[in-house]
There are 2 protein chains.
Amino acid sequence: MSIFRFFNKQASAPKARERLQILLAHERASQGHSDLVLQLREEILAVVAKHIQIDREKVRVKMGSDDQVSTLEVDIDIPLKAGVRAA
Amino acid sequence: MSIFRFFNKQASAPKARERLQILLAHERASQGHSDLVLQLREEILAVVAKHIQIDREKVRVKMGSDDQVSTLEVDIDIPLKAGVRAA
C-alpha cells in the first residue's frame with residue numbers, strides 16, 4: 001500500500017481548514033534502547049512551531065510501541081487566520 | 001485503517017538493523033501557500049541527526065503533492081554500530 005494512498009484516505013472531503021500530520025516509526029533491532037521517538041517528539045514540535053502558530057489544544061499526540069516498533073502520531077489543526085509563516 | 005497497523009505492515013520479518021520512518025502530510029485549505037513540508041524537511045532531518053548518526057546515503061526522501069495535500073516520506077537506515085545517542 002502506497003503511503004500517498006494512505007494520506008489521501010485521511011484527506012476526505014474538502015474542508016476549510018489546514019492540518020499537519022506527522023508520523024514517526026522507529027523499528028528497533030534490539031530492546032532496551034533509549035526511546036528515539038520520545039526524544040524526537042518535543043524537538044519536532046518545536047521545529048513545527050517555528051513555522052506555524054500551534055495551539056496546544058489543537059495538537060493530538062499518540063504514542064505506541066511493541067517489541068520491535070515505537071510509533072508517534074502527531075495531528076495538528078492549523079488555525080486558518082494564523083496560516084503558515086513565511087520561511 | 002489504524003496507523004499502527006500501517007507501520008506494522010512495514011516492519012515485516014525481524015532484521016538485524018534499525019530504521020526510522022518519518023511521514024508528513026500537510027492538508028492545505030488553499031493553494032499557493034508556501035510549502036510547509038519543504039520547509040520542515042531539512043529542519044526535521046537536523047533534529048534527527050542530533051540523536052542518531054545519519055549516513056546521507058542511507059536516507060531516502062520522497063515528496064509528493066496534489067491540490068490538497070503535500071507529503072514527505074523519510075526513511076533512514078540506522079547503522080547498528082552507531083545506534084542511538086544518549087539524550
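Parameters and conventions
- Residues numbered from 1 in each chain as written.
- Chains lettered and ligands numbered in written order.
- Predicted model: local features only at pLDDT ≥ 70, side-chain atom pairs only at ≥ 80, totals over all residues.
- Heavy atoms only, no water.
- Helix = DSSP H or I, 4+ residues; strand = E, 2+ residues; numbered from the N terminus.
- Expected span 1.5 Å × (residues − 1).
- Bend = angle between axes of the 7 residues up to and from the residue.
- Buried < 20%, exposed > 50% of the residue type's maximum accessible area, 1.4 Å probe, protein only.
- Contact = heavy atoms within 4.5 Å.
- Polar contact = N/O pair within 3.5 Å; in protein donor to acceptor, adjacent residues only side chain to side chain.
- Lys, Arg positive; Asp, Glu negative; His and termini not counted.
- Salt bridge = Lys/Arg side-chain N within 4 Å of Asp/Glu carboxyl O.
- Core = buried A, V, L, I, M, F, W, Y, C linked by side-chain atoms within 4.5 Å.
- Axes fitted to C-alpha atoms, helices over the stretch in contact; angles between N-to-C directions.
- Left-handed = near helix turned anticlockwise from the far one by under 90°.
- Nonpolar A, V, L, I, M, F, W, Y, C, P; charged D, E, K, R; others polar.
- Patch = residues over 30% accessible without salt bridge, like charges linked within 9 Å, V, L, I, M, F, W, Y side chains within 5 Å.
- Areas by Shrake-Rupley, 256 points an atom, 1.4 Å probe, with all protein chains shown as cover.

### Looking at helix α2 (residues 36-51) of chain A
Item 1. Here α2(A) contains 16 residues, and its C-alpha end-to-end distance of 23 Å stays within 8% of the 22 Å for a straight helix at 1.5 Å per residue.
Item 2. Residue E42(A) marks the point of greatest curvature in α2(A), where the axis turns by about 25 degrees.
Item 3. Within α2(A), the full set of buried residues consists of L36(A), V37(A), Q39(A), L40(A), I44(A), L45(A), V47(A), V48(A) and H51(A).
Item 4. Considering only its buried residues, α2(A) is in contact with β1 (18-27), β2 (59-65) and β3 (69-78) of chain A together with β1 (18-27), α2 (36-51) and β3 (69-78) of chain B.
Item 5. Two to three positions downstream of the cap, the backbone nitrogen of V37(A) sits 3.0 Å from a side-chain oxygen, assigning the N-cap of α2(A) to D35(A).

### Some remarks on the side chain of R28(B)
Residues and elements named next belong to chain B.
Item 1. By the secondary structure assignment, R28 is in the loop between β1 and α2.
Item 2. Buried charged residue R28 carries no salt bridge. Nearest counter-charge: D66, at 5.2 Å.
Item 3. Of the polar contacts made by the side chain of R28, one reaches the backbone oxygen of D66; its length is 2.7 Å.
Item 4. At a separation of 2.4 Å, a polar atom in the side chain of R28 contacts the side chain of S70.

### Points about the nonpolar core
Item 1. Within the largest apolar cluster, 32 residues are counted, with the highest numbers of intra-cluster contacts made by L20(A), I76(A), L20(B) and I76(B).
Item 2. Secondary structure elements with two or more residues in this core: β1, α2 and β3 of chain A together with β1, α2 and β3 of chain B.
Item 3. Setting aside residues no more than four positions away along its own chain, L20(B) makes contact with L24(A), A25(A), H26(A), L36(A), L40(A), V48(B), I52(B), V74(B), D75(B), I76(B) and I78(B).

### Things to note about the packing of α2(A) against α2(B)
Item 1. Axis separation between α2(A) and α2(B) bottoms out at 10 Å; the angle between their running directions is 145 degrees. Seen from above, α2(A) lies across α2(B) with right-handed handedness. Contact residues: α2(A) offers L36(A), Q39(A), L40(A), E43(A), I44(A), V47(A), V48(A), K50(A) and H51(A), while α2(B) offers L36(B), Q39(B), L40(B), E43(B), I44(B), V47(B), V48(B), K50(B) and H51(B).
Item 2. When the residues that make up the contact of α2(A) with α2(B) are grouped by side-chain class, the tally is ten nonpolar, four polar and four charged.

### Observations regarding the pattern of salt bridges
Item 1. For the structure shown, the criterion picks out 14 salt bridges over all chains.
Item 2. With a shortest N-O distance of 3.1 Å, E27(B) and R19(A) are connected by a salt bridge. Linking E27(B) in strand β1 with R19(A) in strand β1, this pair reaches from one chain into another. For the residue pair E27(B) and R19(A), the accessibility class agrees, reading buried in each case.
Item 3. Residue K50(A) is joined to E43(B) by a salt bridge in which the shortest nitrogen-to-oxygen separation is 3.1 Å. You can see K50(A) sitting in helix α2 and its partner E43(B) sitting in helix α2, one on each of two chains.
Item 4. Look at E43(B) and you get partly exposed, because its relative accessible area is 21%.
Item 5. When salt bridges that share partners are traced, they join R19(A), R60(A), D75(A), D77(A) and E27(B) into one network.

### Quick look at the environment of L72(A)
Item 1. Following the sequence through the fold, L72(A) ends up in strand β3.
Item 2. Note on L72(A): relative accessible area 3%, which makes it buried.

### Regarding a nonpolar patch on the surface
Item 1. There is a patch of nonpolar side chains on the surface, built from L38(A), V61(A) and M63(A) and spanning about 230 Å² of accessible area.
Item 2. Structurally, the position occupied by M63(A) is in strand β2.

As far as function goes, none of this settles anything; it's purely spatial.
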